[in-house]
Amino acid sequence: ELKVEQNPLFLSMQEGKNYTIYCNYSTTSDRLYWYRQDPGKSLESLFVLLSNGAVKQEGRLMASLDTKARLSTLHITAAVHDLSATYFCAVEWGGSEKLVFGKGTKLTVNP
Amino acid sequence: EAEVAQSPRYKITEKSQAVAFWCDPISGHATLYWYRQILGQGPELLVQFQDESVVDDSQLPKDRFSAERLKGVDSTLKIQPAELGDSAMYLCASSLVDLSSYNEQFFGPGTRLTVL
């Protein structure tokens, strides 16, 4: 059974600071997704990482994937308040298109 | 821009009543998913359809939950009878089958269910 762990689960940071969210998973997979969820809203796709060494960047967010270490990171650069949300990583399991989600990281960016 | 539609957006019901949720995927998307998201947790897959066929319903509590996608387009998820523990957000997602690429899932706005 695939397990996906995110840490930290809660993150409070000041505007302008940098931080990294980690996503570890327990079995082999080449496909990992990052989603953002605002309170009471649905999930918005941020990044799709499809191979070892993949790196994607959009604005202040950068995601990377190391399939050998079974680790993905979501790096936040110079955080702004608008980035406050819950971020989920999801790992595709066994080529079945089934996604297993982490518990999410609730990010709060304070002025 | 094409979106996944869900209704209702909110549903309040009493324990032991029946509830139903509807989902209309993005046009042309053959794969449809129903997820349950308990507050403070990540979404958990309940059922996956490929066209009108169930691909995976291993996490669907079949004693009270049922799902159908009769014509391979829109889908209904039913709970009968509802229990207090069913209070959650129910999310529908769809993806385009492309064997040469990945299958990014697009999520609808969800139905927030509260069972009293």
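Since the model is a prediction, treat every value here as computed from it, not as a measurement.

In terms of helices and strands, chain B carries zero helices and 11 strands. Each helix and strand of chain B, ordered N terminal to C terminal, gives the series β-β-β-β-β-β-β-β-β-β-β. Seen through its C-alpha atoms, chain B measures out along the principal axes to roughly 45 × 25 × 25 Å. For chain B, with 116 residues in total, the buried portion stands at 46%. Partitioning the contacts of chain B with sequence separation of at least 6, the portion at a separation of at least 24 is 53%.

What follows deals with the interface of chain B and chain A. Taken residue by residue, the interface counts 23 residues in chain B and 19 residues in chain A. For the pair chain B and chain A, the two sides together bury roughly 1700 Å², of which 50% comes from carbon and sulfur. For the pair chain B and chain A, the number of links is one salt bridge. Applying the counting criterion to the chain B and chain A interface returns four residue pairs in polar contact (both at pLDDT 80 or more). For the side of chain B that touches chain A, the elements supplying multiple residues, two or more each, are strand 4 (31-37), strand 5 (44-50) and strand 9 (88-95) of chain B. When the residues that make up the side of chain B that touches chain A are grouped by side-chain class, the tally is nine nonpolar, 12 polar and two charged.

With that settled, consider the side chain of Glu92 of chain A. Residues and elements named next belong to chain A. Looking at where Glu92 falls in the secondary structure, it is placed in strand 9 (residues 85-93). When its relative accessible area of 4% is taken as the criterion, Glu92 is described as buried. A distance of 2.8 Å separates the side chain of Glu92 from the side chain of Tyr33, its partner in a polar contact. Sequence-distant contacts of Glu92, that is, excluding residues within four places in its chain, are made with Ser29, Arg31, Tyr33, Glu97, Lys98 and Leu99.

What follows covers the environment of Asp30 of chain A. Residues and elements named next belong to chain A. The residue Asp30 is located in the loop between strand 3 (19-25) and strand 4 (32-37) in this model. With a relative accessible area of 45%, Asp30 lands in the partly exposed category. For Asp30 and Glu92, which are 62 residues apart along the polypeptide, the C-alpha to C-alpha distance reads 7.6 Å. With near-sequence residues (within four places) excluded, Asp30 lies in contact with Leu49, Leu50, Ser51, Leu65 and Thr67.

Conventions used here
Residues numbered from 1 in each chain as written. Chains lettered and ligands numbered in written order. Predicted model: local features only at pLDDT ≥ 70, side-chain atom pairs only at ≥ 80, totals over all residues. Heavy atoms only, no water. Helix = DSSP H or I, 4+ residues; strand = E, 2+ residues; numbered from the N terminus. Buried < 20%, exposed > 50% of the residue type's maximum accessible area, 1.4 Å probe, protein only. Contact = heavy atoms within 4.5 Å. Buried area = accessible area lost by both parts, 1.4 Å probe. Salt bridge = Lys/Arg side-chain N within 4 Å of Asp/Glu carboxyl O. Polar contact = N/O pair within 3.5 Å; in protein donor to acceptor, adjacent residues only side chain to side chain. Nonpolar A, V, L, I, M, F, W, Y, C, P; charged D, E, K, R; others polar.

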